[in-house]
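# Survey of secondary and tertiary structure
One-letter residues, chain by chain:
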Amino acid sequence: MTKFSNVIVRKPGRSLANGITSAPELGQPIYERAIEEHDDYIAALKQCGVKVTELPALEEYPDSCFVEDPAVITRMGAIITNPGAGTRNGEKTAIEPTIREFFDDEHIRYIEEPGTLEGGDVMMVGDHFYVGRSARTNEEGIRQFIEILEGWGLEGSEVTLEKVLHLKTGVNYLEDGNMLVSGEFIDKPDFADYNKVVVPEEEAYGANCIWVNGTVIVPERYPTVLAAVQKLGYPTLVVDTSEYRKVDGGLSCLSLRF
Ligand code: GLY
């Protein structure tokens, strides 16, 4: 079973209010509340037995608290991505020094132009990595990513996205064969062999839960998801991420777990 020892997070800046969003009707994130939610998120992670490395806010990158996107960490090494969102691309340079604290040259690879890839499009299931082809992650990025994985004895496969921002916006693996699926992922043949837990449309945001060392962290306000995860037998922790939801951010985007 996967075991995480470390987590990297980055504090949100006041510029989070200018993060990319597909839901402006939710309003702008309120900085003070976002900080409180971030503190609660870190506390929940620590309860799961990981060491949390907290990076300072980067005001020049409004979405940079979503550290999952500029890097992907596998059991064999780290891949610095090439984020497809123009305003986020520089986050790859900002995260690199921290990745270098954990990995040497031999264990760091890069996604390079014209390839683009964001970590939110990568879902790890053991040594297999599903990669969403999205508005942020292109065919060449996926090709490079899978080539790197195969060089490390790992493997990957492409999943085409039709509607959501990132792959993990709608599908998340909880270990033990269990997978939360919503919307366009409910009937995807790629996931036919898993024990799928279908998340209802009105709780779709709640599909983005994270498994951390046996505990599942679930976003607050998604009672059907919470009950389903508990029915699977997992201990749960609930964290409010509603300020991040306003800028298309979920629980998984807020950390790199390895
Ligand atoms: N606002 C998160 C993203 O668009 O990547």
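Above this text is the structure in question.
For clarity, every value in this text was computed on a predicted model and none was experimentally measured.

### Notes on helix α3 (residues 139-151)
In this model, α3 (13 residues) spans 18 Å end to end at C-alpha, consistent with the 18 Å of a helix rising 1.5 Å per residue. Every buried residue belonging to α3 is among Gly141, Ile142, Gln144, Phe145, Ile146, Ile148 and Leu149, and all of these are buried. Of the surrounding elements, those touching the buried residues of α3 are β3 (71-73), β4 (78-80), β5 (108-110), β6 (122-125), β7 (128-133) and β8 (155-160). Looking one or two residues beyond α3, the residue adopting positive phi is glycine 153, at roughly 80°.

### Details of the sheet that holds β4
What the three strands build is an open sheet, ordered β3-β4-β5; its pairing is mixed. The two strands at the open ends of the sheet, each matched to only one other strand, are β3 and β5. The mean angle between the axes of side-by-side strands here comes to 20°, regardless of whether they run parallel or antiparallel. Strand direction decides the pairing type here: β3 and β4, joined by three bridges, are antiparallel. Following the sheet pairing, isoleucine 73 is matched in β4 by alanine 78.

### Some remarks on the sheet that holds strand β10 (residues 178-181)
One open sheet accounts for three strands, arranged β9-β10-β11; its pairing is mixed. Edge strands, defined here as strands with exactly one partner in the open sheet, are β9 (171-173) and β11 (195-198). This sheet shows a mean twist of 25° between the axes of neighbouring strands, independent of strand direction. The pairing of β9 with β10 spans three bridges and is classified as antiparallel. When the bridges of β10 are listed, tyrosine 173 appears paired with methionine 179.

### Some thoughts on the nonpolar core
In this structure, Leu45 and Ile217 are the most contacted members of the largest nonpolar core, which totals 38 residues. Elements with a contribution of two residues or more to this core: β1 (6-10), α1 (31-47), β12 (210-212), β13 (215-219), α5 (223-231) and β14 (236-239). Among the elements that take part in this core, α1 stands out by supplying five residues, more than any other. Sequence-distant contacts of leucine 45, that is, excluding residues within four places in its chain, are made with Val7, Val9, Val50, Val52, Ile210, Val212, Ile217 and Ser255. In terms of nonpolar packing, the next biggest core, distinct from the first, is built from 14 residues, Leu117, Ile142, Ile146 and Leu149 among them.

### Things to note about the environment of aspartate 39
Structurally, aspartate 39 can be placed in helix α1. The exposure class of aspartate 39 is partly exposed, given its relative accessible area of 37%. Remark: the alpha-carbon pair of aspartate 39 and lysine 11, spanning 28 residues in sequence, is separated by 8.9 Å.

### Concerning the site of the ligand
Neighbouring the ligand are the residues Ile20, Asp63, Phe66, Arg88, Arg136, Leu165 and Val247. For the ligand, an oxygen atom lies 2.7 Å from a polar atom in the side chain of arginine 136. Here a nitrogen atom of the ligand and a backbone polar atom of valine 247 are 2.6 Å apart. Computed on the free molecule, the ligand has an accessible area of 200 Å², of which 99% lies beneath the protein chains in the complex.

### Details of the pattern of salt bridges
For the coordinates displayed, the defined rule picks out 19 salt bridges. Note that glutamate 54 and lysine 11 form a salt bridge whose closest N and O atoms lie 3.1 Å from each other. Of the two residues, glutamate 54 sits in strand β2 (residues 51-55) while lysine 11 sits in the loop between β1 and α1, which places them 43 residues apart along the sequence. On the basis of relative accessible area, glutamate 54 is assigned to the partly exposed category, the value being 37%.

### Some remarks on α1
Quick reminder: α-helices carry 3.6 residues per turn. Residues three or four places apart thus point the same way. With 17 residues, α1 extends 24 Å between its outermost C-alpha atoms, agreeing within 8% with the 24 Å of an ideal straight helix rising 1.5 Å per residue. Restricting attention to buried positions, one finds in α1 the residues Ala34, Ile35, Glu37, His38, Tyr41, Ile42, Ala44 and Leu45. The first or second residue beyond α1 is glycine 49, which carries a positive phi of 85°.

Thresholds, definitions, all that
- Residues numbered from 1 in each chain as written.
- Predicted model: local features only at pLDDT ≥ 70, side-chain atom pairs only at ≥ 80, totals over all residues.
- Heavy atoms only, no water.
- Helix = DSSP H or I, 4+ residues; strand = E, 2+ residues; numbered from the N terminus.
- Expected span 1.5 Å × (residues − 1).
- Buried < 20%, exposed > 50% of the residue type's maximum accessible area, 1.4 Å probe, protein only.
- Contact = heavy atoms within 4.5 Å.
- Pairing = 2+ DSSP bridges.
- Axes fitted to C-alpha atoms, helices over the stretch in contact; angles between N-to-C directions.
- Core = buried A, V, L, I, M, F, W, Y, C linked by side-chain atoms within 4.5 Å.
- Near = heavy atom within 4 Å.
- Polar contact = N/O pair within 3.5 Å; in protein donor to acceptor, adjacent residues only side chain to side chain.
- Areas by Shrake-Rupley, 256 points an atom, 1.4 Å probe, with all protein chains shown as cover.
- Salt bridge = Lys/Arg side-chain N within 4 Å of Asp/Glu carboxyl O.

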